[in-house]
There are 4 protein chains.
Amino acid sequence: MPYDKLKEQVLKANLALVDAGLVVLTWGNASGADREAGVIAIKPSGVSYDKMKADDIVVLSIKTGEVVDGAGRPSSDTPTHLHLYREFPSVNGVVHTHSLNATTFAQAKRTIPCFGTTHADNFHGEIPITRDLRSDEVEADYELNTGRVIVERFRQGGIDPANVPGVLVASHAPFAWGPTPQKAVENAIVLEFAAQMALAGMAIASDLKPIPKHLLDKHFLRKHGPAAYYGQPKA
Amino acid sequence: MPYDKLKEQVLKANLALVDAGLVVLTWGNASGADREAGVIAIKPSGVSYDKMKADDIVVLSIKTGEVVDGAGRPSSDTPTHLHLYREFPSVNGVVHTHSLNATTFAQAKRTIPCFGTTHADNFHGEIPITRDLRSDEVEADYELNTGRVIVERFRQGGIDPANVPGVLVASHAPFAWGPTPQKAVENAIVLEFAAQMALAGMAIASDLKPIPKHLLDKHFLRKHGPAAYYGQPKA
Amino acid sequence: MPYDKLKEQVLKANLALVDAGLVVLTWGNASGADREAGVIAIKPSGVSYDKMKADDIVVLSIKTGEVVDGAGRPSSDTPTHLHLYREFPSVNGVVHTHSLNATTFAQAKRTIPCFGTTHADNFHGEIPITRDLRSDEVEADYELNTGRVIVERFRQGGIDPANVPGVLVASHAPFAWGPTPQKAVENAIVLEFAAQMALAGMAIASDLKPIPKHLLDKHFLRKHGPAAYYGQPKA
Amino acid sequence: MPYDKLKEQVLKANLALVDAGLVVLTWGNASGADREAGVIAIKPSGVSYDKMKADDIVVLSIKTGEVVDGAGRPSSDTPTHLHLYREFPSVNGVVHTHSLNATTFAQAKRTIPCFGTTHADNFHGEIPITRDLRSDEVEADYELNTGRVIVERFRQGGIDPANVPGVLVASHAPFAWGPTPQKAVENAIVLEFAAQMALAGMAIASDLKPIPKHLLDKHFLRKHGPAAYYGQPKA
């Protein structure tokens, strides 16, 4: 079948979110893109994780949003995912969770400053928060508009989504992404962990400051970009 | 046997509370109603979860409160459950836990404001807290009076228990409910998770505000009521 | 062998502490008394839990403190346990842990007020804290003196150890006890859980008040004493 | 093979870090020294824990830093480990983690005061924090300079690394060590636990004070040094 590999990859990413403790009930979804085929594969809506199979994963056209494979209804957050794939061409995996600490920041409408090198290893700067959606943006096309305020935040802030692979949606919860669904899951894990440490740190030090630029650059760039020297050399 | 299915369902709901990490020691109980038969089934008192079987579940008449099936003594909280089934006709499942964060709010005698969409997905507004029981209400018929102050809180506040499926009993702990025992367990999980995020959020932002009505309505109503579009279509 | 049953019971209590998440590394020990035989059985010192067997449990005379059975060295906290058994005749099980939240209270030198019914179910009032040990009490007979300041606290406060089955040792950690080793473990679990909720509650409500006496009495006495009605009737 | 035993020991230490919950993703590494052979063995860079085998462990000369055994690239933190082995001759095991609470202290640039006997059992005083690295120290030889600021902190503070077997690197995370890799892991566990209790204690008591010297000495010295009486006697 044409989309078997992508569906398997997206199933694994969804299960990895659960294994990482980022999912409560069915709140959480992961998707992946096949740019050549012009499609994404995404979790079905409201299906429990322990029964999910690769065949339940739904495949849709990036351009039209129409289902091209799969019998179920795609995640209700699909319009958000589609908008991110359309506007962020470097992104081939997107995940959404209601993970405890990142969601707490989203509810408090605060960015997560970069307080240490753990954060800096995966995010080249603070994790931004969107503006509130207006009443009319909530009432019609809510999920699409969620994608739009994310893209708006990155455009207006001049932020490259390849360097800051995640965001908090105000009053809602985080989205994270990456060049693959697996990397998107990893970024969601780091986002949650950075949020947890930021919360705890702000409790003991109200004057907590972000790390200086030279330390931020060092940590992000030793793992990303042409001068990376972390991990095993590529074969 | 006439009540086998109900007892099995109630056993599963009790074990699901444990799996969800909401139970310490034997503090926690779930019940379910069969409205046609006019009975509820409930956990026996002080029996450990790892030994509990469907046959240990006790069945009682909703009207008279008399045991109609089962050899053990029902949960000491049975009069609270019975009162909720009598006064809230839309409710067919009730659970009680001492889950950490919800109980912390109950001990602090604070409502849990709706700070985000996670809360709004299952609770259409803040989770209320009862008034303190008076000394005489504690001394005689304590468990029945616990049910009475819950119902009083919903009546006086004009709150529909189908829209706000849970409550905090002051100085004590939460109760949650739903159209089935399984849904009651889910609501208890959301109540605990919302409490945990509210606690953490209030620690970093003393001026935390509830979400606006249009966002509250959107999230609750996309999952509940005639216009719901979340999950797979009913067969 | 004469002490096989007691040693088995004490082994189980030690392993139950680990299962309950109250133990870090080897910090934790449980003991049990056989009053007729005039002995206690206690965990050996510094032995890892996954290798511990009933035969490693050490048996000592309550009166003389001499080892009467077992090849290893008893827990270094044995003098504390022995003193509690000598001075608190209703106690037949003692446990000591460094559980996170109770130890945090011990380090902050604060009692744990009774903020709710969860606490009141097992502790008939606040959980007291000892005074600091003096320098000379630390230098010689430190572990025995730890037992002495516990007993001093209960005597001076007029507290019955059967009603308040636990204490915080200042700058150190909690001890809990009960009529059996199993009940002592249960009380250690409740002490830790009450401490965790008290910590969280104090974070959101600096004016948190203990529950009134009628509610405290109701919860403790429905589980303990002649009028108890919780659990299954005794056969 | 000459280094098989050391590599097996270092593999076990790395896996023990994961079992203790101190590792997120691949952030964490343990090493061990064979002083007679003049080598250390260390985790390979960016290899996932569930696939790691003893043969993946990389062996390097302490003096030259050159790889003498193993096909992969050693952990990117290797220059830090090597520097500690060169400057702290009593150390034969080093571990580095991004454990939640210790890292939170590192990000807040605070030492961890000794608030109780749990801390005092393994650390003879507060756990120090390094100064910030200067911009030029970050840009070139960053990992070696990390080792240098650690050693500088101990030299300038007159602290014996055998008595205080761990440190926080400012804005980064903790390092811990010991006479064996296994002991280094144990010290990393205690460091994290002490940090967690310190964080929680500072939240309820802003005036929290370190324990007095006589209690600090008692706890550290009953476990360490010539007069130790904790654990089973050495055979």
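Asks: For this particular structure, what's the right way to read the relation of the copies chain C and chain B?
Replies: The relation between the two copies of this chain is a rotation about an axis and a shift parallel to it. Once chain C is rotated about the relating axis by 90° and shifted along it by 0.0 Å, it coincides with chain B to within an RMSD of 0.0 Å. As the rotation angle and translation indicate, the two copies are arranged about a four-fold axis. Closest approach to the rotation axis within chain C is made by the C-alpha atom of Ala 203 of chain C, at a distance of 5.0 Å.

Asks: How should the interface of chain C and chain B be read in this particular structure?
Replies: Accessible area lost when the parts come together is the quantity often used to give the size of an interface. At the junction of the two partners, chain C supplies 29 residues and chain B supplies 31 residues. Buried area between chain C and chain B, summed over both chains or domains, comes out near 2,700 Å², and the portion from carbon and sulfur atoms is 60%. In this assembly, chain C and chain B are joined by six residue pairs in polar contact (both at pLDDT 80 or more). Sorting the residues of the side of chain C that touches chain B by element identifies helix H4 (117-122), helix H7 (181-204) and helix H8 (213-223) of chain C as the ones contributing at least two each. Of the residues forming the side of chain C that touches chain B, the biggest block, nine residues, is contributed by H7 of chain C.

Asks: Explain the interface of chain D and chain A here, please?
Replies: Every contact between the two is made by 31 residues of chain D and, on the other side, 29 residues of chain A. Its largest share of buried area at the contact with chain A, chain D owes to Trp 27, Arg 73 and Gln 107 of chain D, together 24% of the area lost on that side. We note a salt bridge from Glu 143 of chain D to Arg 222 of chain A, for which the minimum N-O separation is 2.5 Å. Counting every contact that joins chain D to chain A gives seven residue pairs in polar contact (both at pLDDT 80 or more). Those elements that provide at least two residues to the side of chain D that touches chain A are helix H3 (100-108), helix H5 (135-139), helix H6 (142-157) and helix H7 (181-204) of chain D. Per element, the largest residue contribution to the side of chain D that touches chain A is six residues, and it comes from H3 of chain D. Within the side of chain D that touches chain A, the residues separate by chemical class into 13 nonpolar, 12 polar and six charged.

Asks: Honestly, the pairing of strand E1 (residues 28-34) of chain A in this entry has me stumped. Any pointers?
Replies: As a general feature of sheets, a regular strand has side chains that alternate between the two faces. All names here are of chain A. Judged by how many residues are buried, E1 sits mostly within the fold: six of seven residues are covered. Sheet topology note: the E1/strand E5 (residues 93-97) ladder contains five bridges and is antiparallel. Bridging across to E5, Ser 31 finds its partner in Val 94. Bridge count for E1 against strand E2 (residues 39-42) is four bridges, and the pairing is antiparallel. In the strand pairing of E2, Gly 32 is matched with Ala 41. Between E1 and E2, which pair antiparallel and follow one another directly, the connecting turn spans four residues, one of which, Gly 38, has a positive phi of 70°.

Asks: What is the right way to read the nonpolar core from this model?
Replies: Taken as a class, soluble globular proteins show a tendency for nonpolar side chains to be buried jointly. Grouped together as the largest cluster of nonpolar side chains are 269 residues, with contacts concentrated most on Trp 177 of chain A, Trp 177 of chain B, Trp 177 of chain C together with Trp 177 of chain D. Looking at which element gives the most residues to this core, the answer is H7 of chain D, with 13 residues.

Asks: Would you mind going over the sheet that holds E1 of chain A with me for this structure?
Replies: Either a parallel or an antiparallel arrangement is found when strands of a sheet pair, and the pairing is made through backbone hydrogen bonds. All names here are of chain A. Taken in spatial order, the seven strands make up an open sheet running E4-E3-E2-E1-E5-E7-E6, and their pairing is antiparallel. With partners counted over all chains shown, the strands left at the sheet margins are strand E4 (67-69) and strand E6 (166-168), one partner each. Geometrically, the sheet is characterised by an average inter-axis angle of 25° between neighbouring strands, direction not taken into account. Examined bridge by bridge, strand E3 (residues 58-61) and E4 share two bridges and lie antiparallel to one another. Following the sheet pairing, Leu 60 is matched in E4 by Val 67. Strand contacts of helix H2 (residues 78-87): E1, E2, E3, E5 and strand E7 (174-178), with the helix running at about 35° to E1, the strand carrying the most contacts. Along the sheet, helix H7 (residues 181-204) contacts E1, E5, E6 and E7; its crossing angle with E7, the most-contacted strand, is approximately 140°.

Asks: Where do I start with the confidence of the model for chain A in this structure?
Replies: If pLDDT is low for a region, its predicted coordinates should not be looked at in detail. Predicted confidence across chain A gives a mean pLDDT of 94, with 96% of residues reaching 70 or more. The complex prediction reports pTM at 0.94, with the ipTM value standing at 0.92.

Asks: Please clarify how the packing of aromatic side chains should be interpreted in this entry.
Replies: Centre-to-centre distance and the angle between the planes together describe a pair of aromatic rings. Considering all chains together, one arrives at 15 aromatic pairs over all chains under this definition. Between the aromatic rings of Phe 154 of chain B and Trp 177 of chain B, the centroid separation amounts to 5.3 Å while the plane-to-plane angle is 65°, which identifies the pairing as edge-to-face. Within this pair, whereas Phe 154 of chain B is found in helix H6 (residues 142-157), its partner Trp 177 of chain B is found in strand E7 (residues 174-178), the two being separated by 23 residues in sequence. Given a relative accessible area of 1%, Trp 177 of chain B falls into the buried group. Counting every residue linked through ring pairs, the aromatic cluster contains Phe 88, Phe 154 and Trp 177 of chain A.

Asks: Before we go on, may I ask you to explain the environment of Leu 221 of chain B in this structure?
Replies: Along the polypeptide, Leu 221 of chain B turns up in helix H8 (residues 213-223). For Leu 221 of chain B and Met 52 of chain B, which are 169 residues apart along the polypeptide, the C-alpha to C-alpha distance reads 37 Å.

Asks: Explain the sheet that holds strand E3 (residues 58-61) of chain B here, please?
Replies: Residues and elements named next belong to chain B. The seven strands lie next to each other as E4-E3-E2-E1-E5-E7-E6, forming an open sheet whose pairing is antiparallel. At either end of the open sheet lies a strand with only one pairing partner, and these are strand E4 (67-69) and strand E6 (166-168). For this sheet, the mean inter-axis angle between neighbouring strands, taken without regard to orientation, is 25°. Here strand E2 (residues 39-42) pairs with E3 via four bridges, running antiparallel. Residue pairing across strands places Ile 42 opposite Val 58, the latter belonging to E3. Where helix H2 (residues 78-87) meets the sheet, it contacts strand E1 (28-34), E2, E3, strand E5 (93-97) and E7, and its direction lies at approximately 35° from that of E1. The strands touched by H6 within the sheet are E6 and E7, with E7 carrying the most contacts at an inclination of about 65°.

Asks: What is the right way to read H6 of chain B from this model?
Replies: In an α-helix, one turn spans 3.6 residues, which is why side chains three or four residues apart end up on the same side. Here H6 of chain B contains 16 residues, and its C-alpha end-to-end distance of 22 Å stays within 8% of the 22 Å for a straight helix at 1.5 Å per residue. What H6 of chain B keeps buried is the set Tyr 142, Glu 143, Leu 144, Asn 145, Thr 146, Gly 147, Val 149, Ile 150, Val 151 and Phe 154 of chain B.

Criteria and thresholds
- Residues numbered from 1 in each chain as written.
- Chains lettered and ligands numbered in written order.
- Predicted model: local features only at pLDDT ≥ 70, side-chain atom pairs only at ≥ 80, totals over all residues.
- Heavy atoms only, no water.
- Least-squares fit on C-alpha atoms with pLDDT ≥ 70 in both.
- Contact = heavy atoms within 4.5 Å.
- Buried area = accessible area lost by both parts, 1.4 Å probe.
- Polar contact = N/O pair within 3.5 Å; in protein donor to acceptor, adjacent residues only side chain to side chain.
- Helix = DSSP H or I, 4+ residues; strand = E, 2+ residues; numbered from the N terminus.
- Salt bridge = Lys/Arg side-chain N within 4 Å of Asp/Glu carboxyl O.
- Nonpolar A, V, L, I, M, F, W, Y, C, P; charged D, E, K, R; others polar.
- Buried < 20%, exposed > 50% of the residue type's maximum accessible area, 1.4 Å probe, protein only.
- Pairing = 2+ DSSP bridges.
- Core = buried A, V, L, I, M, F, W, Y, C linked by side-chain atoms within 4.5 Å.
- Axes fitted to C-alpha atoms, helices over the stretch in contact; angles between N-to-C directions.
- pLDDT = per-residue confidence, 0-100.
- Phe/Tyr/Trp six-rings, centres within 6.5 Å; stacked < 30°, edge-to-face > 60°.
- Expected span 1.5 Å × (residues − 1).

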